[in-house]
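Observations on the model geometry
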Amino acid sequence: MKPKREAGKSKPEARKPKPGAGKPKPEAGKPDPEATKSSGEAGKPHRPATKVKPTASNLGNVPSNFRYVAIVVHPGKARALAAARVLETALRRRGCQVTVDQGGTDPFPGPGPAPDFILVLGGDGTILHTVHRLEGKNVPLLGVNFGKFGYLAEAGLDACLSRLDLLLSGQCQSSRRMLLECRLGKRRWLALNEAVVSRKGPRLLSLEMGVGGKPATLYQGDGLIVATPTGTTAYAM
């Protein structure tokens with residue numbers, strides 16, 4: 001027989017578990033996985049913030065690794081001088097500090113801070129001259145070709161303008177180049193392409209070459225060319 005219920009007493013209801021009850025607490029120092037859910041529809045994972053890729057049409061102040069840009073331009077090329085003005089305007093519209101240099105002979109950039117990035121407008125010779133003036137400062141540069149061959153200065157003005165935001169945000173690959181250090185007495189040079197030792201008169205030169213401070217071999221001839229990988233590739237082309 002089933003026991004009778006007492007009058008005035010109701011059947012006890014099952015208690016609902018509290019939210020989060022029975023779930024293991026996150027360890028100290030680790031984020032709660034539930035906290036990563038969005039405040040929108042329940043059960044949907046939180047979406048990370050959308051990343052906006054810089055494009056040529058984005059003319060605002062682009063988040064940039066390169067805020068101080070120098071433009072080195074060949075002073076004898078009218079097209080290069082006109083392009084320098086176009087690039088200067090485009091860079092200033094993007095919030096960059098810009099310096100325009102017309103290829104002098106003094107060390108670059110002088111006593112002030114070095115630029116974050118250099119645009120060289122001219123030919124391969126303008127790039128070699130700029131590297132010489134930098135005196136070993138580790139500054140990335142891009143050559144915009146207004147010369148003839150364009151082995152080092154291979155970019156065009158249109159390509160440079162269309163990819164300017166990518167350049168400023170550091171989203172382009174760079175190529176590190178070896179430099180030669182040349183000393184003669186107290187004088188010192190740095191060379192990107194090659195160093196040349198040549199004779200003045202009709203007699204042959206006798207040149208002793210050493211490696212690591214030890215004699216290696218003896219050359220006799222009109223001169224000697226010591227080239228970097230950049231210089232040897234240029235000679236082969």
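Residues numbered from 1 in each chain as written. Predicted model: local features only at pLDDT ≥ 70, side-chain atom pairs only at ≥ 80, totals over all residues. Heavy atoms only, no water.

Topic: the confidence of the model for the protein
Taken over all residues, the pLDDT of the protein has a mean of 76, while the share at 70 or more is 71%. In the model of the protein, helix H5 (residues 229-236) stands out as the element of lowest mean pLDDT, 76, in contrast to helix H1 (residues 78-93), which has the highest, 94. Scored below 50 in pLDDT, residues 6-12 shows one contact in the model against residues more than four places distant or in partner chains. Within the model, the stretch residues 33-63 combines pLDDT values under 50 with 28 contacts to residues more than four positions away or in other chains. (pLDDT = per-residue confidence, 0-100. Helix = DSSP H or I, 4+ residues; strand = E, 2+ residues; numbered from the N terminus. Contact = heavy atoms within 4.5 Å.)

So, the pairing of strand E8 (residues 205-211)
For E8 and strand E9 (residues 214-221), the ladder comprises seven bridges, and the chain directions are antiparallel. Within E9, the position partnered with Val211 by the bridge is Lys214. In this structure, the hairpin formed by E8 and E9 is closed by a connection of two residues, where Gly212 is found at a positive phi of approximately 65°. (Pairing = 2+ DSSP bridges.)

Here we look at the side chain of Asn193
Along the polypeptide, Asn193 turns up in the loop between strand E6 (187-191) and strand E7 (194-198). Exposure remark for Asn193: the relative accessible area of 12% places this residue in the buried category. With sequence-adjacent residues up to four places away left out, Asn193 is seen in contact with Leu128, Val226, Ala227, Thr228, Thr230 and Gly231. (Buried < 20%, exposed > 50% of the residue type's maximum accessible area, 1.4 Å probe, protein only.)

What to know about helix H2 (residues 124-134)
Every buried residue of H2 is accounted for by Asp124, Thr126, Ile127, Thr130, Val131, Arg133 and Leu134. Looking at the buried residues of H2, the elements they touch are strand E1 (68-73), strand E2 (97-101), strand E3 (117-122) and strand E4 (141-145).

Some remarks on the side chain of Arg94
As for its placement among the helices and strands, Arg94 is situated in the loop between H1 and E2. A polar contact is formed between the side chain of Arg94 and the backbone oxygen of Ala90, at a distance of 3.0 Å. (Polar contact = N/O pair within 3.5 Å; in protein donor to acceptor, adjacent residues only side chain to side chain.)

Quick word on the pattern of salt bridges
Throughout the structure, instances matching the rule amount to six salt bridges. When the shortest N-O distance is used, the salt bridge between Glu88 and Arg92 registers 3.1 Å. Of the two residues, Glu88 and Arg92 are both situated in helix H1; the distance of four residues between them amounts to about one turn of the helix. Taking the shortest distance from any N to any O, the salt bridge between Asp101 and Arg133 comes out at 2.8 Å. (Salt bridge = Lys/Arg side-chain N within 4 Å of Asp/Glu carboxyl O.)

As for the environment of Ala83
Tracing the backbone through its elements, the reader meets Ala83 in helix H1. For the pair Ala83 and Val144, spaced 61 residues apart in sequence, the C-alpha to C-alpha distance is 9.5 Å.

Topic: the sheet that holds E2
If you walk across this open sheet you meet the four strands as E2-E1-E3-E4, and the pairing is parallel. Lying at the two open borders of the sheet, with one neighbouring strand each, are E2 and E4. Adjacent strand axes in the sheet meet at a mean angle of 20° when their direction is disregarded. Of the strand pairs in this sheet, E3 and E4 are connected by five bridges, and their pairing is parallel. Looking at E4, one finds that Leu121 is bridged to Val144. Lying on the sheet, H1 is in contact with E1, E2 and E3; it crosses E1 at an angle near 170°. (Axes fitted to C-alpha atoms, helices over the stretch in contact; angles between N-to-C directions.)

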